[in-house]
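Tertiary structure, described
Spelled out from the first residue to the last, the chains are:
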Amino acid sequence: MKKLFRSYLPALLMGSLLFSTACKDDDDPTPPVETEMITTVQLNLMNEEKGLSAVASWRDLEGDGNPDTQALTLKPNVTYTGTITFLDENKNPVENITEEIEEEAEDHQVFYSSTAPGLTITATDQDANQRPVGLEYTLVTTSEGSGNIRIVLKHQPGTKNGNINTGDTDVDVIIPVTVAQ
Ligand SMILES: [Ca+2]
């Protein structure tokens, strides 16, 4: 069976490796070139009942490790429903890497952690093996305060086990968050 793989060789040749990872399968005798170049991470959150919405983003088009970040501003004591989008904005048209992660959900997980007081993020979606994926989540705020949300996208081909230390890191970014009335 011939499978098509997207090639990100130009990005590799430019040396923009900081936030890209060669997602190769070591068990495959002829591993294809299959890497993910992610320039952009976007968060979209809402609470329809309260008419609240919020967005945030992290963007590093040059891959130089110096991102443009749009911080997240939230209200306290709210349960937000959230999604995350991964883009390669150096492609024309812009490539939505989220779709690729959905297709390979059994091999990927997005991990969230926060230093903001009382703020928790929990994945609500599952792959075919009933493991969390993290493309959809709930974010619960309690008290006012501020901190950082860390988002780590792991590629764990055949090894997905809920452990952030397993596999390759496709994305590891920080987005500041403020919770205020
Ligand atoms: Ca940059």
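These numbers come from a predicted model, not from an experiment.

Considerations on the overall build of the chain
Check the secondary structure of the chain and you find two helices and 13 strands. Expressed as a percentage of its 181 residues, the buried residues of the chain come to 30%. If you take every contact in the chain between residues at least 6 apart in sequence, the share linking residues at least 24 apart comes to 60%.

A short note on the sheet that holds strand β12 (residues 145–155)
Reading across the sheet, the four strands line up as β6-β13-β12-β9 and stay open at both edges, with mixed pairing between neighbours. Two strands bound the open sheet, and with one partner strand each, they are β6 (72–74) and β9 (108–114). Here the strands of the sheet are splayed against their neighbours by 25° on average, with no regard to which way each runs. In terms of strand pairing, β9 meets β12 through seven bridges, oriented antiparallel.

Focus on the pairing of strand β3 (residues 40–47)
Where β3 meets strand β4 (residues 52–59), eight bridges bridge the pair, whose relative direction is antiparallel. Opposite Thr-40, over in β4, you have Arg-59 as the bridge partner. With antiparallel pairing between neighbouring strands as the criterion, β3 and β4 make up a hairpin whose turn holds four residues, including Gly-51 at a positive phi of roughly 65°. The sheet contact formed by β3 and strand β7 (residues 79–88) spans seven bridges and is antiparallel. The partner of Thr-40 across the bridge, within β7, is Leu-87.

Considering the nonpolar core
Nonpolar side chains tend to gather and get buried jointly when the protein is soluble and globular. In this structure, Val-41, Leu-72, Phe-86, Ile-151, Val-171, Ile-175 and Val-177 are the most contacted members of the largest nonpolar core, which totals 30 residues. For this core, the secondary structure elements donating two or more residues are β3, β4, β6, β7, α2 (97–103), β11 (136–140), β12 and β13 (168–179). In terms of residue count, β13 provides more of this core than any other element does, five residues in total. With residues up to four places along the chain from it excluded, the contact list for Val-177 reads Ala-71, Leu-72, Leu-74, Ser-114, Ala-116, Leu-119, Ser-146, Gly-147, Asn-148 and Ile-149.

Looking at the confidence of the model for the chain
Residue-level pLDDT values for the chain average 87, and 80% of them are 70 or greater. Here residues 1–21 scores under 50 on pLDDT; set against residues more than four positions off or in separate chains, the count is 31 contacts.

Considering the environment of Thr-115
Along the chain, the position of Thr-115 falls in the loop between β9 and β10 (120–123). The sequence separation of Thr-115 and Gly-147 amounts to 32 residues, and the corresponding C-alpha distance is 5.0 Å. If we ignore the near neighbours within four places in the chain, the residues touching Thr-115 are Gly-147 and Asn-148.

Here's the deal with unusual backbone geometry
The peptide bond linking Asn-92 to Pro-93 adopts the cis configuration, its omega dihedral lying at 5°. With respect to the secondary-structure elements, Pro-93 resides in the loop between β7 and β8 (95–96). Residue Asn-77 is not a glycine yet carries a positive backbone phi of 60°. Inspection of the secondary structure assignment puts Asn-77 in the loop between β6 and β7. The exposure class assigned to Asn-77 is partly exposed, which follows from the 13 C-beta atoms found within 10 Å. For Gln-130, which is not glycine, the phi dihedral falls at a positive 60°. Overall, the presence of 6 C-beta atoms within 10 Å leaves Gln-130 in the exposed class.

What about the pairing of β4?
Where β4 lies against strand β5 (residues 68–70), three bridges are found, and the strand directions are antiparallel. Bridge assignment links Ser-57 to a residue of β5, and that residue is Gln-70.

The rules we used
Residues numbered from 1 in each chain as written. Predicted model: local features only at pLDDT ≥ 70, side-chain atom pairs only at ≥ 80, totals over all residues. Helix = DSSP H or I, 4+ residues; strand = E, 2+ residues; numbered from the N terminus. Buried ≥ 20, exposed ≤ 12 C-beta atoms within 10 Å, placed from the backbone. Contact = placed C-beta atoms within 7 Å. Pairing = 2+ DSSP bridges. Axes fitted to C-alpha atoms, helices over the stretch in contact; angles between N-to-C directions. Core = buried A, V, L, I, M, F, W, Y, C linked by C-beta atoms within 7 Å. pLDDT = per-residue confidence, 0-100.

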